[in-house]
Amino acid sequence: MNFKELGKQIDFEKGEGLVPAIIQDVQTQKVLMLGYMNEESYEKTIETGKVTFFSRSKNRLWTKGEESGNFLNLKDLSLDCDNDTLLVKVNPVGPVCHKGTDTCWAEENQASSIDFLLQLQQVIAERKKNLSEKSYTASLFQKGINKVAQKVGEEAVELVIEAKDDNKELFMGEAADLMFHYLVLLAAKDYKLEEVVDVLVNRHSK
């Protein structure tokens, strides 16, 4: 469903013309702020790609960042089960709160190390879709599953070799290489890291 079709389902009447819009960072998954949209601000948001609210205090449309330059670049939109609340996923430019903090709850907008793996998985999936792109990852996919599997094996051997020494930097480098190529292999097989975690969870619960 495209954003225009989604807009036809929003129940603006329930909130007397306004619906809450929860703003979430598409990469870190952090909730950044809460604003309100009317039909006009929603349409402007999908037209410009920059999140626009209806400001109740100013009684007008307000594009976040119109003065500070800290725009919220639209990445995705979804509607809740009652059709009266929006979840707006964005790429924020700079701090979101007018007080200068990353979020309106004074939290740092940073992904955890585990969250970064999920981000990396997404980037790898995008490389798989765009094989014409000039990147190392795309070139691996172009060479086929045998080459990808071979690289995982090579990196595993190199990690084992480094494990016999006490050079943390070299060991961590090889561990990172293995993790990266492992994610590429999962993507080549159309599997996800979450599925592997599910297997571990099931084993742990038995």
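These numbers come from a predicted model, not from an experiment. (Residues numbered from 1 in each chain as written. Predicted model: local features only at pLDDT ≥ 70, side-chain atom pairs only at ≥ 80, totals over all residues. Heavy atoms only, no water.)

S.K.: How do you make sense of the nonpolar core when you look at a structure like this?
M.R.: When a protein is soluble and globular, its nonpolar side chains tend to lie buried together. Formed by 20 residues in total, the largest nonpolar core has its most connected members in Ile23, Met37, Leu86 and Val88. Elements that contribute at least two residues to this core include exactly β1 (19-25), β2 (31-37), β5 (72-79) and β6 (86-92). Tallying contributions element by element places β5 first for this core, with 4 residues. Counting 12 residues, the second largest nonpolar core, distinct from the first, contains Ile124, Leu140, Phe141 and Ala187. (Core = buried A, V, L, I, M, F, W, Y, C linked by side-chain atoms within 4.5 Å. Buried < 20%, exposed > 50% of the residue type's maximum accessible area, 1.4 Å probe, protein only. Helix = DSSP H or I, 4+ residues; strand = E, 2+ residues; numbered from the N terminus.)

S.K.: I'm lost on the sheet that holds β5 in this one. Help?
M.R.: Paired through their backbone hydrogen bonds, the strands of a sheet run either parallel or antiparallel. Spatial strand order, β2-β1-β6-β5: 4 strands in an open sheet with mixed pairing. Only two strands of the sheet have a single partner each, and these edge strands are β2 and β5. Geometrically, the sheet is characterised by an average inter-axis angle of 30° between neighbouring strands, direction not taken into account. The pairing of β1 with β2 spans 6 bridges and is classified as antiparallel. Residue pairing in the sheet places Val19 in a bridge with Met37 of β2. (Pairing = 2+ DSSP bridges. Axes fitted to C-alpha atoms, helices over the stretch in contact; angles between N-to-C directions.)

S.K.: I would appreciate a short explanation of the pattern of salt bridges in the present structure.
M.R.: Where charged atoms from two side chains of opposite charge approach closely, those side chains can pair. The tally for this structure, following the rule as stated, stands at 8 salt bridges. Two residues, Lys151 and Glu155, come together in a salt bridge whose shortest N-O distance is 3.6 Å. Taken as a pair, Lys151 and Glu155 lie in helix α5 (residues 145-163) at a separation of 4 residues, close to a single helical turn. On the accessibility criterion, Glu155 (5% relative accessible area) is buried. It is possible to trace a salt-bridge network through shared partners that takes in Lys151, Glu154 and Glu155. (Salt bridge = Lys/Arg side-chain N within 4 Å of Asp/Glu carboxyl O.)

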